[in-house]
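# Understanding the architecture of this molecule
Each chain, written out:
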Amino acid sequence: MKKKVSFGESIIILVILLLILGTAVIKFGLSPEVPVLFTVLLLTFWAKIRGFSWQDIQNGIKEGISVAIIPIFIFILIGALIGLWIQAGIIPSIMVLGFHLINGEFFLPSVFVVCSIVGVAIGSGFTTISTVGIALFGIGASMNANPALVAGAIISGAVFGDKMSPLSDSTNLSSAVAESELFAHIKNMMWSTIPSFVVSFILFWILGSSGQMDLTKIERTSSILQQHFVISWWAIVPIILMLICAWRKIPAIPTLFINIAATVIMIFIINPHFSITALNNLIMNGFVAKTSDSSVNSLLTRGGISSMMGTVALIISTLSLGGMLMKFNIVQSAMEPLVKHLRKPGRLITVTILSGICINLFVGEQYLSVILPGRAFKPAFDKIKLSPLALSRVLEDGGSVINYLIPWGVAGSFAAATLGVPVLQFLPFAFFSLLSPVFSIISGFTGIGLKWAKDKK
């Protein structure tokens with residue numbers, strides 16, 4: 001006979017799991033997949049000792065993974081699309097456009113805007129920071145600008161782009177965990193994202209450094225892109241297609257298939273001799289840049305179905321853990337005393353965001369800061385008839401964007417090492433990451449932009 005898991009036992013289990021994950025990721029710097037699988041193993045042993053059957057354990061894993069079947073297929077399509085977009089010159093064209101927006105008199109806001117544009121096009125905050133970000137940081141150094149301020153503008157733009165791009169794995173993950181539709185999720189995020197962007201832009205405008213720019217690096221990168229790719233108005237066609245599909249409320253999978261088909265046609269128009277074998281390799285393994293500039297190669301050697309397999313493995317393992325925690329009522333028991341008092345949207349959203357921030361602090365891993373609060377608080381959101389879109393937005397605002405502000409976080413330590421500025425120095429100037437949870441909480445208490453379930457009376 002299975003015993004009900006008590007509040008105390010649930011807390012002990014969750015603390016032990018977080019300690020294991022935190023120690024593995026933070027202290028030993030391990031990638032999270034293996035530590036997560038280890039916690040699944042420990043939870044399996046505990047479940048058997050407590051009287052749960054093998055079928056219960058397997059059902060927990062299956063129920064956890066089931067919510068990610070469609071998003072995993074979306075990840076596969078996105079991997080294919082990134083490589084195709086680079087081959088067709090779409091991403092390089094967007095980069096060149098962004099470089100033209102750099103302005104010496106308003107350097108910081110222009111850096112913020114350029115990184116935002118490139119981030120949306122690429123769908124990766126890490127790649128934006130480590131390539132375009134480094135180039136812009138070098139320009140800032142030539143102007144004697146405050147390194148922490150420049151780093152804050154770069155990271156704010158990269159986080160915005162990562163958050164709002166349909167190519168972003170963290171955006172797709174938040175949508176998957178909350179069981180909301182991808183493009184509806186991106187559209188709904190604007191209620192907290194646009195105010196955060198505008199206020200960040202104003203702050204960077206006020207703090208912006210005026211001076212003479214050394215445009216050598218930017219001009220060199222732009223020149224290399226124009227030498228190796230077709231930079232033209234063609235680049236806007238797939239983007240317009242994506243916007244039309246979003247406006248017509250076409251789901252993500254057919255939207256991505258339409259974009260893939262349009263991009264393949266563009267590739268064969270640009271290069272009629274492009275072979276089917278090369279196309280197959282491009283879709284499977286991504287684009288490999290072979291220019292004379294290593295930073296450009298680093299930026300544009302991306303995409304392919306195979307590039308998404310690491311993310312897919314992490315999502316499957318973490319959702320398996322989350323599914324087991326839910327199946328054995330561990331999360332519910334731990335949250336029950338708290339959820340009883342969370343009958344108002346403002347309180348529920350605030351606590352969900354704080355839980356994401358706490359997991360970032362404890363574990364330092366942005367995927368877990370989305371998955372664990374998402375699994376824990378989804379029943380509470382459903383209970384008060386809030387839409388899954390409300391939850392997916394909160395998971396972004398309190399989870400993935402905060403990881404860049406944690407010194408031992410995966411994203412924070414990466415940004416600090418890449419730009420050579422400690423997290424605690426650029427943290428006060430990473431305005432977009434700081435403001436996103438604030439505006440999300442304001443939305444919860446005011447009801448502005450808050451999505452309710454369709455069946456709410």
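In case you missed it, the structure is sitting above this.
One structure accompanies this document, and this report is about it. (Residues numbered from 1 in each chain as written. Predicted model: local features only at pLDDT ≥ 70, side-chain atom pairs only at ≥ 80, totals over all residues. Heavy atoms only, no water.)

Right, let's talk about the overall build of the protein chain for a bit. Along its length, the protein chain carries 23 helices and zero strands. Rg of the C-alpha trace for the protein chain: 22 Å, near the compact-globule value of 23 Å for 457 residues, within the 12% margin. Scored against the burial criterion, the 457 residues of the protein chain give a buried share of 57%. For the protein chain, long-range pairs separated by at least 24 residues make up 78% of all intrachain contacts whose partners lie at least 6 apart in sequence. Surface exposure of the protein chain reaches about 19,100 Å², of which carbon and sulfur atoms provide 68%. With 29 positive and 18 negative side-chain charges, the protein chain shows a separation of 11 Å between the mean positions of the two kinds. (Helix = DSSP H or I, 4+ residues; strand = E, 2+ residues; numbered from the N terminus. Rg over C-alpha atoms; globule rule 2.2 N^0.38 Å. Buried < 20%, exposed > 50% of the residue type's maximum accessible area, 1.4 Å probe, protein only. Contact = heavy atoms within 4.5 Å. Areas by Shrake-Rupley, 256 points an atom, 1.4 Å probe, with all protein chains shown as cover. Lys, Arg positive; Asp, Glu negative; His and termini not counted. Charge placed at Lys NZ, Arg CZ, Asp CG, Glu CD.)

Moving on: the packing of aromatic side chains. The tally for this structure, following the rule as stated, stands at 15 aromatic pairs. With centroids separated by 6.1 Å and ring planes inclined at 55 degrees, the aromatic side chains of Phe73 and Phe257 adopt a geometry described as tilted. Note that Phe73 is positioned in helix H4 (residues 69–87) and Phe257 in helix H13 (residues 252–270), a separation of 184 residues in sequence. Accessibility expressed as a relative area gives 36% for Phe73, which makes it partly exposed. Note on Phe112 and Phe204: the rings are 5.3 Å apart at their centroids and 45 degrees apart in plane angle, and the pair reads as tilted. You can see Phe112 sitting in helix H6 (residues 107–122) and its partner Phe204 sitting in helix H10 (residues 182–207), a full 92 residues away along the chain. (Phe/Tyr/Trp six-rings, centres within 6.5 Å; stacked < 30°, edge-to-face > 60°.)

This part takes up helix H23 (residues 431–446). With 16 residues, H23 should reach 22 Å at 1.5 Å per residue; the first-to-last C-alpha distance of 22 Å fits that figure. Taken together, the buried positions of H23 are occupied by Phe431, Phe432, Ser433, Leu435, Ser436, Pro437, Ser440, Ser443 and Gly444. Immediately beyond the C-terminal end of H23, within one or two residues, lies Gly447, with a positive phi of roughly 85 degrees. (Expected span 1.5 Å × (residues − 1).)

Here the idea is simple: oppositely charged side chains can pair when their charged atoms come close. Throughout the structure, instances matching the rule amount to five salt bridges. Between Lys163 and Asp397 there is a salt bridge whose closest N-O contact spans 2.4 Å. With Lys163 in helix H8 (residues 147–164) and Asp397 in helix H20 (residues 388–400), the pair connects residues that are 234 residues apart, well separated along the chain. Ionic pairing is found between Asp382 and Lys378, a salt bridge with its closest N-O pair at 3.2 Å. Residue Asp382 and its partner Lys378 are both found in helix H19 (residues 366–383); the two are separated by four residues, about one turn of the helix. For Asp382, a relative accessible area of 37% gives the class partly exposed. Judged by relative accessible area, Lys378 falls into the buried class, the value being 15%. (Salt bridge = Lys/Arg side-chain N within 4 Å of Asp/Glu carboxyl O.)

So, on to the packing of H10 against H20. Interhelical geometry of H10 versus H20 gives an angle of 65 degrees and a closest axis separation of 9 Å. Considering only the axes of H10 and H20, their crossing is right-handed. Contacts from Ala184, His185, Asn188, Met189, Trp191 and Ser192 in H10 reach Leu389, Ala390, Ser392, Arg393, Glu396 and Asp397 in H20. By residue class, the composition of the contact of H10 with H20 is five nonpolar, four polar and three charged. (Axes fitted to C-alpha atoms, helices over the stretch in contact; angles between N-to-C directions. Left-handed = near helix turned anticlockwise from the far one by under 90°. Nonpolar A, V, L, I, M, F, W, Y, C, P; charged D, E, K, R; others polar.)

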